[in-house]
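# Summary of the model geometry
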Amino acid sequence: MNPMQVLTILRARKWIFLLTLGLTVATAIIVSLILPKSYTATTTLVVNFKGTDPVTGAAIPAMLMPGYLKTQTEIVSSRRVARNVVEKLNLASSPVVRKQFEDDTQGQGDVNDWLADRLLQSLEVEPSRESSVISISYRGADPRFAAALANAFAASYAETNLRLKVEPSQQAAAWFNDQIKGLRENLEKAQAKLSAYQREHGIIAVDERLDVETARLADLSSQVVMAQSQTFDSLSRQRQLGQGGAAESPDIMANPLIQGLKSQLVQAEAKFTEVSQRMQKNHPQYQAAANEVANLKARIDEEVAKAGSSIGQAAKISQRREGDLRAALSAQKSKLLELKQQRDDIAVLTREVENAQRVYDLAMQRFSQTSMEGQANQTDVAVLNVAVPPLKPSSPRVFLNAVLSLFLGTLLGLGFALLVEMVDRRIRTADDVSVIAGLPVLGSLNGKTDGAKPRIFNLFGFRGGNPLAATGS
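Owing to the predicted nature of the structure, the values given are computational and were not obtained by experimental measurement. Within any chain, residue numbers begin from 1 and follow the written order of that chain's sequence. Only residues with pLDDT of 70 or above have their local features reported here, since the model is predicted, and side-chain atom pairs are shown and tallied only from 80 upward, although totals for entire chains, interfaces and linings are computed over all residues. Only hydrogens and water are set aside; all other atoms, that is, all heavy atoms of the structure, feed into the side-chain values.

Before going further, it helps to spend a moment on the overall build of the chain. Runs of E in the DSSP output that reach at least two residues are strands. Runs of H or I that reach at least four are helices, and both are numbered from the N terminus. For the chain, the helix and strand inventory stands at 13 helices and six strands. Note on exposure labels: buried denotes an accessible area under 20% of the residue type's maximum, exposed denotes more than 50%, and partly exposed covers the range between, all computed with a 1.4 Å probe on protein chains only. Out of the 473 residues belonging to the chain, those deemed buried represent 30%. Pairs at least 24 residues apart make up 76% of the contacts formed inside the chain by residues separated by at least 6 positions. For the accessible areas, the method is Shrake-Rupley and the probe is 1.4 Å, while residue cover comes only from the protein chains on display. Summed over all atoms, the accessible surface of the chain reaches about 29600 Å², with 57% contributed by carbon and sulfur. The contact rule is simple, with two residues in contact once any of their heavy atoms fall within 4.5 Å.

The following block contains the structure:
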């Protein structure tokens with residue numbers, strides 16, 4: 001069916017088309033006028049998603065803006081926010097609301113939840129695509145009630161947003177508070193253990209005491225070396241005396257008494273030689289000179305024996321002193337090793353105290369931070385525009401509905417006209433002859449004769465009018 005045929009059908013069935021169009025438009029206008037008026041109040045909010053937290057200093061990256069605004073939109077549309085609105089406005093106390101609740105749920109459930117769900121059905125939340133603005137719209141029959149609900153949802157959202165940010169910090173602060181008690185006990189135990197160890201071993205300053213004992217050990221080591229040298233020297237002189245080399249002994253040769261006696265002995269021997277040449281053995285002078293020589297030799301032997309004994313005694317003293325120094329050195333080494341062990345033990349205990357102190361300080365820092373976060377009262381939401389009672393209803397829109405009904409009536413009128421034409425098909429153009437009757441078109445007559453309508457097509461069982469078509473077989 002070409003457009004010309006459609007126009008021809010519409011011209012023939014114009015009353016059906018016009019009746020359908022008029023009924024559609026009239027029905028839309030009447031329904032729009034009958035329907036109760038609805039008013040929409042809108043509140044706009046600004047979400048500071050790029051702001052810096054005053055406590056932690058954390059900032060939300062710009063790339064998270066779409067997801068963040070979507071999350072905030074879902075928070076506004078949540079039952080928690082709606083229930084908070086119901087409780088703040090005390091809507092559940094209305095007898096009308098109570099009766100509606102009883103009729104709707106037969107008294108089952110919570111009236112606050114039921115009323116919150118009812119409010120969410122008339123709520124519309126829309127985030128901006130290119131900014132951080134969120135629009136909260138509420139639709140209701142009363143413009144003042146709609147504005148009050150929109151503002152109440154905005155205020156409840158701001159409060160809920162703050163609570164969602166504060167409640168985790170409060171829970172974390174409570175957990176840190178419990179943990180700090182145990183950490184404080186661990187720190188006190190570590191400090192008490194370190195103090196008890198220091199009191200038990202009489203330790204005040206381990207490093208200073210260790211330095212003193214190390215210096216003492218070095219001094220004892222040097223004394224042992226010196227004692228070893230003295231002992232070796234004494235033993236060498238003693239061995240030399242034992243091997244009969246007393247005359248060559250440096251100690252004997254350096255002894256002034258022995259050297260003086262030797263000088264007297266030389267003089268006495270010289271005198272004895274002179275007397276022996278002049279006198280006989282029984283002469284008193286001879287015997288006096290001989291006795292003097294013998295006495296000097298005896299004294300020399302006695303002094304040599306005393307010197308040898310002193311050398312031996314000195315060797316024994318050197319050996320005992322060396323032994324004592326070795327024992328003192330060994331004891332000092334043991335003491336120094338013990339001090340080092342005590343230093344290591346104290347280092348371990350001190351490290352435990354430092355670790356406990358570090359963990360306790362870190363926990364206290366996190367506790368202070370979470371406590372401040374839990375006490376924060378600054379929200380990231382600011383009201384840009386407060387909802388005011390609208391002067392004009394948002395629905396029904398009579399003009400818009402009339403325009404839409406005009407478009408819909410046109411489609412319905414066209415559809416009904418074509419439907420009636422399909423039920424009662426008639427030949428209206430020359431093309432219909434070939435399509436409907438299957439006959440070739442020989443010519444067409446345009447015009448009317450005295451206002452009479454030709455009935456040429458009645459021969460074929462069709463009803464038709466102008467324009468006329470002549471056919472032949």
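Further notes follow.
What follows covers the nonpolar core. To form a nonpolar core, buried Ala, Val, Leu, Ile, Met, Phe, Trp, Tyr and Cys residues must be joined to one another through side-chain atoms within 4.5 Å. In terms of nonpolar packing, the biggest core is built from 36 residues, with V86, L119, I136, Y138, F153 and Y157 touching the most fellow members. Counting residues per element, the ones that place at least two in this core are β1 (39-47), α3 (65-76), α4 (79-89), α5 (95-105), α6 (111-121), β2 (123-127), β3 (133-140) and α7 (143-201). Among the elements that make up this core, the one with the highest residue count is α7 (nine residues). Ignoring any residue separated from it by four or fewer positions in sequence, one finds Y157 in contact with L45, V47, Q72, I75, V76, V81 and V381. Formed by twelve residues, the second largest nonpolar core is a distinct cluster that contains I180, L187, A190 and L349.

So, about α7. Working note: α-helix, 3.6 residues per turn, so residues spaced by three or four point in the same direction. Each helix should span, by expectation, one fewer than its residue count multiplied by 1.5 Å. Taking 1.5 Å as the rise per residue, α7 with 59 residues should run 87 Å; its terminal C-alpha atoms sit 86 Å apart, in good agreement. Among the residues of α7, the N-terminal cap falls to D142, whose side-chain oxygen and the backbone nitrogen of R144 are separated by 3.3 Å. Positioned one or two residues after α7, G202 has a phi angle of 60°, which is positive. N or O atoms within 3.5 Å of each other form a polar contact, as long as, within protein, one can give a hydrogen and the other can take it, and as long as residues adjacent in sequence are counted only when both atoms are side-chain atoms.

Our focus in this paragraph is unusual backbone geometry. The phi dihedral of N90 is positive, around 55°, even though this residue is not glycine. Along the chain, the position of N90 falls in the loop between α4 and α5.

Paired strands, in this sense, are two strands between which DSSP finds at least two bridges. Pairing analysis gives five bridges linking β2 to β3, with the strands arranged antiparallel. Paired with P127 across the strands is I134, a residue of β3. Here β2 folds back onto β3, and the loop between the two strands holds five residues.

Here the focus is the packing of aromatic side chains. Two aromatic rings, taken as a pair, are described by how far apart their centres are and by the angle between their planes. For Phe, Tyr and Trp, rings pair up if their centres lie within 6.5 Å, where Trp contributes its six-membered ring, and each pair is then called stacked (planes under 30 degrees apart), edge-to-face (over 60) or tilted (otherwise). Across all of its chains, the model carries four aromatic pairs by this definition. Arranged with centres 6.3 Å apart and planes meeting at 75°, the rings of Y138 and F145 form a pair that is edge-to-face. Classification of F145 as partly exposed rests on a relative accessible area of 35%. Their ring planes at 75° and their centres at 5.2 Å tell us that W175 and F176 sit as a pair that is edge-to-face.

Quick look at the packing of α4 against α6 now. Structural elements are reduced to axes, namely lines fitted to C-alpha atoms, with helices fitted over the stretch in contact, and the angle between N-to-C directions of any two is expressed from 0 to 180 degrees. α6 packs onto α4 with a crossing angle of 110° between their chain directions and a minimal axis gap of 8 Å. In terms of orientation, α4 lies roughly perpendicular with respect to α6. Facing R79, A82, R83, V85 and V86 of α4, the residues of α6 in contact are N112, D113, L115, A116, D117, L119 and L120. Looking at the contact of α4 with α6, its residues break down into seven nonpolar, one polar and four charged. Each angle is binned into one of four classes, with values under 35 degrees roughly parallel, values over 145 roughly antiparallel, values of 65 to 115 roughly perpendicular, and all other values oblique. Amino acids outside the nonpolar list (Ala, Val, Leu, Ile, Met, Phe, Trp, Tyr, Cys, Pro) and the charged list (Asp, Glu, Lys, Arg) are all regarded as polar, and Gly is one of them.

We now examine the confidence of the model for the chain. Every residue gets a pLDDT, meaning the predictor's confidence in that residue, from 0 to 100. On average, the chain scores 76 in pLDDT, and the residues at 70 or more come to 77%. Per-element confidence in the chain is highest for β3, whose mean pLDDT is 90, and lowest for strand β6 (residues 468-471), whose mean pLDDT is 39. Contacts for the low-pLDDT stretch residues 448-473, under 50 throughout, to residues beyond four places or in other chains number 41 contacts.

A few words on the side chain of S137. In this fold, S137 is placed in strand β3. Taking the relative accessible area as the measure of exposure, S137 reaches 12% and is therefore buried. Within the local environment of S137, its side chain forms a polar contact with the side chain of T42, the two groups lying 2.9 Å apart.

A separate point is the pattern of salt bridges. Note on definitions: salt bridges are taken to be side-chain nitrogens of Lys or Arg within 4 Å of carboxyl oxygens of Asp or Glu. Across all of its chains, the model carries eight salt bridges by this definition. Put simply, R83 and D113 hold a salt bridge, and the shortest N to O gap is 2.6 Å. Taken as a pair, R83 in helix α4 and D113 in helix α6 lie far apart in primary sequence, 30 residues in all.

Once that is clear, we can look at the sheet that holds β1. Strand order in the open sheet formed by four strands is β2-β3-β1-β4, and the pairing between neighbours is antiparallel. In this open sheet, the two edge strands, each paired with only one partner strand, are β2 and β4 (381-385). Neighbour-to-neighbour, the strand axes of this sheet turn through a mean angle of 25°, independent of strand direction. With four bridges joining them, β1 and β4 adopt antiparallel strand pairing. Residue pairing across strands places L45 opposite V383, the latter belonging to β4. In the packing of α7 onto the sheet, the strands contacted are β1, β2, β3 and β4, and the crossing angle to β1 comes to about 25°.

A few words on a nonpolar patch on the surface. Patches were defined on residues exceeding 30% relative accessible area and lacking a salt bridge, with like-charge contacts within 9 Å and nonpolar side-chain contacts (Val, Leu, Ile, Met, Phe, Trp, Tyr) within 5 Å. On the surface, L408, L412, F416, L419 and V423 cluster together into a nonpolar patch covering about 480 Å² of accessible area. Within the secondary structure layout, L408 lies in helix α12 (residues 398-423).

Interaxial distance between α5 and α6 falls to 11 Å at its minimum, and their mutual angle equals 90°. Here α5 lies roughly perpendicular to α6, going by the angle between them. Residue-level contacts link V97, R98, Q100, F101, D104 and T105 of α5 to V111, W114, L115 and R118 of α6. The class makeup of the residues in the contact of α5 with α6 is five nonpolar, two polar and three charged.

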